[in-house]
Each structure stands twice: as structure tokens, then as C-alpha cells.
Amino acid sequence: MNCQEALPFISPLYDGEPVPGEVPEHVQKCPQCRGRLNEYAQLDAECRLLDSMSRREEPLPAWLPRTGDLRRRVWSIVWTSRVLVPRAALIILLMVIVGLSLKLSLTRAQPNAQRFEFEYDLGLSTAESDVASPIGRGLVIAPGHDMPWVISYPQWSVLAVFKIQEIRADLVRVSVRAQRIQSTGLPRRTPVAPRVSWLCIDTQREGEINKLLATARESTYLYHPGQTLEIPVQGGGSLILNGRVTPFGEPNSISMTQTLIEPAPGEIVLNGPVLVPERSLISKPAGIAIATGEKSCMTYYLPHWGLFILALHPFPGSSEATVYHGQMLLKLDGKRYYLFSASPIIADNSGPTIYYSLVRGYKPSKYFQESDSAPAVRSEKDIGDLMRKLHG
Amino acid sequence: MTSDEELWRKVCQGDAEAFADFYRAYASPLRRFLHWYLGDLQAEEDVAQETFLELWRSPNGFNPARAPLKRYIFGVARKRAAEWWRRHPPALGKGAPEQAVPACEAGTLLASALAQLDPEARALLWLRQAEGYSYIELAEIFQIPLGTVKSRLFAARERLRQVWSGGIECS
């Protein structure tokens, strides 16, 4: 990299924004570019100095009511002033109130008018685990069902069964059995990477999980929505639960995105990705995958589109895209698209460039026996093998 | 509940004391931002007052889940300032801020250098350097792509550096 190439990146470098890895290397060695960085710093300091010189307290504007709350005063007059009401009108009003109260009590008696949304995580210290801390999310509409959860780490796991017994606006009755056990012999799926935990609702293995939890004590909690509830886990640790009760029919307030993780250098992470052209969503979020290793690549299958291949290095037929945290800007057929991911796509020091291509008409069922109708992400160890498989 | 949410809940209920607290906290930085954006004392006063009056009259436009309060009000003021510029297109040699500090005192040299930039670049650079906004926040306030924030900041810094190192005479 020479000075001319590095120059446009010195400003974002000074501001601590992501720049290609070669830029800081060049600036470190080049006295001219270091001088430019110092000049920016000097200008910055002068700006702050000028700003501090022009600070002054602004007097309150004349249009703002000075004492108390004008609107509250208006309401206070409305509530406390006397008015004349005929007795007949009072009797009619009382009848209306009684009638409405009866109707209201009938409405309140209907079941499932409320639902409980909650999220929980493990109260882990970094000393206990260097993997990403998962956040589980649940949504309960009809109380009474058991929800078995598995949170797996390479060495140990937490099994939990939540049973929401009652949902009221101000109170949720929940019983929980939770136990920490060795991961060996546990019914679990393969983690996406050794350093990432796996978390799922596993209703298919409810019987096995209940058997493993046979000795776990069940505790019942009265949870007040909005508060934080710490649920001790038998065998060590705790589950931290936060939730709220919302009327049935409202959109979810808790995002259902997956575990948040930070990519390591040389990795690509796609976390519930969606493709967005001109602010309209093309697909539902896919799952999560991590591509690790020099030859690796990430694949993202999008129904009706095909297979996107993403890699940190150029590959035959690839184009360049710019990545900024969880956002990737790419061009297809001359149009701009954004690929949004729920966590950063590449590590900060990997630079803002990623390479991609789209294999149109790709059918996952032909190669991997996956569904053709749902978006999916998957990492591939060797991009060369993948290209041979796709193009013969 | 965050302090922004708490404050804005009170403002939405018509609590003038809460709005006065909000005004005291944000009026000065907003005026300084508008000073560099508009370069006209009367205009910055008018736009600042219009911005606050609009927020007092219709506070429901702010959603604490989407952005912090400060970024929201800078966004509202930025739109109003852009409208002002559309109504008063800059004539040649105009659009530079009127001197806020006495001539030849510290900072005047930089103020003169800043005056050489176009209003939006000046305001962008000011928010970045004096208020410390990130590129993504600046993109939201100015409603421009992230790449444009990068290129405009770079161009503004380069222009400022050239003017600065060229040595401007104090009047």
C-alpha cells in the first residue's frame, strides 16, 4: 500500500472506524502519513477548544410555561370544578357503570387473553467460560405446556424445563427444574463451533431430558413482569429471567434473533441473516454459522435466489462487498442490497472487504438434503471443494 | 427505564419542568451545531426555537427504543436547518458563520478555516469532533449513507488542513 491509497483511510483510522488491515501497517511505517494523523489530531483539539469557548447557558424560551405544568393545571380545573347534574342522569350513569362492570368481569374471565414473552441467560463469569453467553427466548400464549431447554457448552450443559402455570398482567406463576450436568452422554446437537454454545427448545427429546432431570427439584416462582428473576441451577450457576406480559395479538417485543457472538480474526459469522433491497425484507432470518480456517467460506441459501458464497479472499467469479459490523453492502444486477446479520460479520481487524458470488438456481436438496423452501446458512471447510461440487 | 425514557414520558404528559430540564441540557449544544450549520445568528436562533417548540407541541415523534434523545433532536434540527438552506440558497461568499469569539483570540484561526467549508461539511465535522458522534450516528442524523459520511469527513478534514496550514490572516 502506498500513501495515495492509504490517504482516504487516515480520517476513519483517526476516528477509530474500521479500515483495511494494511492501512495501520502503512501509517506506522510512513512518516508522512503519521504526520497527517497528527495534523488531524491537532485540528480535533482546536475544534474542542473552540467548542468549549463558545459554551453558554441558554435562557429558557418565553413560550415555555414557567411554573408547574400548564396542562395539569387545566385538568385540575376540570376535575375539581362543580357542575349541576339532574338526579335522573345520575341514576342512568350508575346503571351504565354497573352494566359495564358486569361485562368487564365476563371479559376478564376469558382464558389466554394475555401472553408471556421472556428471555433468559446464564449468569456466567468469564472465568467459567470463554464462549459466547447465549440468550434464550420464549413466548407462551397458553399456560400449562412444558418447555424443555438445553444450553450446551463443550464441557458441561444446563438442562431446564419451564412450565408457565398462570399468566396475569401483574404476575406470572412459573415452575422451573434446572440442572447443570456433564455434556458427555447428553442428547444434543453439534455446536456450530467449539467455542460457541448451543441453545435450543428441544421438544422432540422431552422424554430424555425429563429422565436426566429426574432428580432435579422443581421450584415455583411468582414473577412480577419487568423484574429480573434469578433462578438457581442445581449443580451451580443460575438462570436470569426477564419478561413481560403483553395483550394477545400485539407484535413480539422481544427479538427472536439468535446467540450474539464476536467473530475471531479470519472468521466469517452469519447470524440470522436477511437480504434487504431498498428497505424491503426479502426473507425470514436464517440460522447461524461460523466459517473458520484459511480455505473456508460461508454459504447462505436464499429460496428463489440461489446460494450466496462469502469468503475473506477473492475466488473465481467473486465480487467485492463492503462490511460494516453486521451489515454487508453488495451489488446484484446493478442494484444495491444489504445483507444484515444479528452480530458482526467479520472481526474488526479483518478490514471492510469481503468477497461474494451468487450461484443462481441452486437447490440445497440436490447436495445436502436440506429443504429448498427455507433460508439456511452453512460453513464450508474448503471453498475449492465446494466450487467443484457446484460447478462439476 | 433509561433517563431519556423517563424524561420524555414526563414531557409527553405535558410536564413543563421536565421540558425545561431537557432544554437546559440540549439547547447549548444544539445552538453551537446550528451556528456551524447555518452561519447566521438570527437563523440559528429561529431554527433552534422552532425545533424545541415542535418537540414541546408534538413530543410523540420520539421513540426511545430507536435512538437516544440527543441524536433525535440533532436529526430534527438538521432537517429544519436543511429547509432553511433551501429557502435561503447560499450566495457567493455567504454561509460562513458570523464570529462567535473576538477576532485574533485563540480559536479564531480555526473558526476562519471552518468558515471556508460548505455548511453541511462544517456541521458534520463539528458533530464528529466536538460532540463525538460515530459515523453510523452521523449517517442517521444527516440521512446519508455511511460511505458518504466517510468521504465527506475526509474531504472536510483535508480542506480544513489545507486552509489551516496555509495560515489565515486574522482580521
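Small disclaimer: the values here were computed from a predicted structure and weren't measured.

### Concerning the overall build of chain B
Thinking step 1. Check the secondary structure of chain B and you find eight helices and zero strands.
Thinking step 2. Order of helices (α) and strands (β) in chain B, N terminus to C terminus: α-α-α-α-α-α-α-α.
Thinking step 3. Evaluated residue by residue, chain B yields a buried proportion of 37% over its 171 residues.
Thinking step 4. A sequence separation of at least 24 residues applies to 68% of the contacts in chain B between residues at least 6 apart.

### Details of the environment of A:Gly236
Thinking step 1. Looking at the secondary structure, you find A:Gly236 in the loop between β8 (228–232) and β9 (238–247).
Thinking step 2. Using a count of 11 C-beta atoms within 10 Å as the deciding quantity, one classes A:Gly236 as exposed.

### Side note on the pairing of strand β12 (residues 288–291) of chain A
Residues and elements named next belong to chain A.
Thinking step 1. A two-sided burial pattern is seen for β12, the buried positions comprising Ile288 and Ile290 on one face and Ala289 and Ala291 on the other.
Thinking step 2. The pairing of strand β10 (residues 268–271) with β12 spans four bridges and is classified as antiparallel. Across the sheet, residue Leu270 finds its bridge partner in β12, namely Ala289.

### Here's the deal with the sheet that holds strand β18 (residues 353–360) of chain A
Residues and elements named next belong to chain A.
Thinking step 1. Strand order across the open sheet formed by eight strands is β11-β17-β16-β15-β18-β14-β13-β19, with antiparallel pairing between neighbours. Looking along the sheet, the strands with just one partner apiece sit at the ends: β11 (274–276) and β19 (376–380). Direction aside, neighbouring strands of the sheet carry axes that sit 30 degrees apart on average.
Thinking step 2. Where strand β13 (residues 297–302) meets strand β14 (residues 306–311), five bridges bridge the pair, whose relative direction is antiparallel. Considered in β14, the bridge of Leu302 is made with Gly306.

### Looking at the confidence of the model for chain B
Thinking step 1. Per-residue pLDDT for chain B averages 78, and the proportion of residues at 70 or more is 84%.
Thinking step 2. Helix α5 (residues 108–115) of chain B is the least confidently modelled element of chain B, averaging 73 in pLDDT, while helix α7 (residues 135–142) of chain B averages 89, the highest of any element.

### Concerning the packing of helix α2 (residues 16–38) of chain B against helix α4 (residues 69–87) of chain B
Residue and element names in this part refer to chain B.
Thinking step 1. Relative to each other, α2 and α4 sit at 30 degrees, their axes nearing to 11 Å. Remark: the crossing between α2 and α4 carries right-handed chirality. Taken together, the residues of α4 that come into contact with α2 (itself represented by Tyr26, Leu30, Phe33, Leu34, Tyr37 and Leu38) are Lys70, Ile73, Phe74, Ala77, Ala81 and Trp84.
Thinking step 2. By residue class, the composition of the contact of α2 with α4 is 11 nonpolar, no polar and one charged.

### A short note on unusual backbone geometry
Thinking step 1. Its identity is not glycine, yet A:His304 carries a phi of approximately 70 degrees, on the positive side.
Thinking step 2. Mapped onto the fold, A:His304 is located in the loop between β13 and β14.
Thinking step 3. Of the residues examined, A:His304 has 10 C-beta atoms within 10 Å and is grouped as exposed.
Thinking step 4. Positive phi, normally seen in glycine, also occurs at B:Gln143, with a value near 55 degrees.
Thinking step 5. Position of B:Gln143 among the secondary structure elements: in the loop between α7 and α8 (146–166).
Thinking step 6. Since 11 C-beta atoms lie within 10 Å of it, B:Gln143 is described here as exposed.

### A few points about the pairing of β8(A)
Thinking step 1. With five bridges joining them, β8(A) and β9(A) adopt antiparallel strand pairing. By the bridge assignment for β9(A), A:Ile231 is matched with A:Leu239.

### Some remarks on the environment of B:Phe33
All names here are of chain B.
Thinking step 1. As for its position among the elements, Phe33 is in helix α2.
Thinking step 2. For Phe33, a count of 24 C-beta atoms within 10 Å gives the class buried.
Thinking step 3. In contact with Phe33, other than residues within four places in its own chain, are Phe74, Ala77, Ala123, Trp126 and Leu127.

### Thoughts on helix α1 (residues 3–14) of chain A
Residue and element names in this part refer to chain A.
Thinking step 1. For α1, built from 12 residues, the straight-helix expectation of 16 Å at 1.5 Å per residue is met to within 8% by its first-to-last C-alpha distance of 15 Å.
Thinking step 2. Those residues of α1 that fall on the buried side of the exposure criterion are Ala6, Phe9, Ile10, Ser11, Leu13 and Tyr14.
Thinking step 3. Looking one or two residues past α1, Gly16 carries a phi angle of roughly 80 degrees, positive in sign.

### Examining the confidence of the model for chain A
Thinking step 1. In this model, chain A carries a mean pLDDT of 73, and residues with pLDDT of at least 70 account for 65%.
Thinking step 2. Every residue in residues 187–204 of chain A scores below 50 in pLDDT, and together they form 44 contacts with partners more than four places removed in sequence or on other chains.

### Here's the deal with the nonpolar core
Thinking step 1. With 59 residues, the main nonpolar core has B:Leu30, B:Phe33, B:Leu34, B:Ile73, B:Ala77 and B:Leu127 as its most contacted residues.
Thinking step 2. For this core, the element with the most residues is α2(B), which contributes 12 residues.
Thinking step 3. Those residues in contact with B:Leu30, other than ones at most four positions away along the chain, are B:Ala48, B:Thr51, B:Ile73, B:Phe74 and B:Ala77.
Thinking step 4. With 30 residues, the next largest nonpolar core counts A:Ile309, A:Leu312, A:Val323 and A:Ile345 among its residues.

### Details of the packing of α2(B) against helix α3 (residues 41–57) of chain B
Residue and element names in this part refer to chain B.
Thinking step 1. Taken N-terminus to C-terminus, the directions of α2 and α3 make an angle of 145 degrees; their axes are 9 Å apart at the nearest point. For the crossing formed where α2 meets α3, the hand is right-handed. Every residue of α3 that contacts α2 at Phe19, Tyr23, Ala27, Leu30, Arg31, Leu34, His35 and Leu38 is listed here: Ala43, Glu44, Val47, Ala48, Thr51, Phe52 and Trp56.
Thinking step 2. By residue class, the composition of the contact of α2 with α3 is 11 nonpolar, two polar and two charged.

### Considerations on the environment of B:Glu45
Thinking step 1. Locating B:Glu45 in the fold gives a position in helix α3.
Thinking step 2. Between the alpha carbons of B:Glu45 and B:Arg31 there is a distance of 7.3 Å; along the sequence they are 14 residues apart.

The rules behind each value
Residues numbered from 1 in each chain as written. Chains lettered and ligands numbered in written order. Predicted model: local features only at pLDDT ≥ 70, side-chain atom pairs only at ≥ 80, totals over all residues. Helix = DSSP H or I, 4+ residues; strand = E, 2+ residues; numbered from the N terminus. Buried ≥ 20, exposed ≤ 12 C-beta atoms within 10 Å, placed from the backbone. Contact = placed C-beta atoms within 7 Å. Pairing = 2+ DSSP bridges. Axes fitted to C-alpha atoms, helices over the stretch in contact; angles between N-to-C directions. pLDDT = per-residue confidence, 0-100. Left-handed = near helix turned anticlockwise from the far one by under 90°. Nonpolar A, V, L, I, M, F, W, Y, C, P; charged D, E, K, R; others polar. Expected span 1.5 Å × (residues − 1). Core = buried A, V, L, I, M, F, W, Y, C linked by C-beta atoms within 7 Å.

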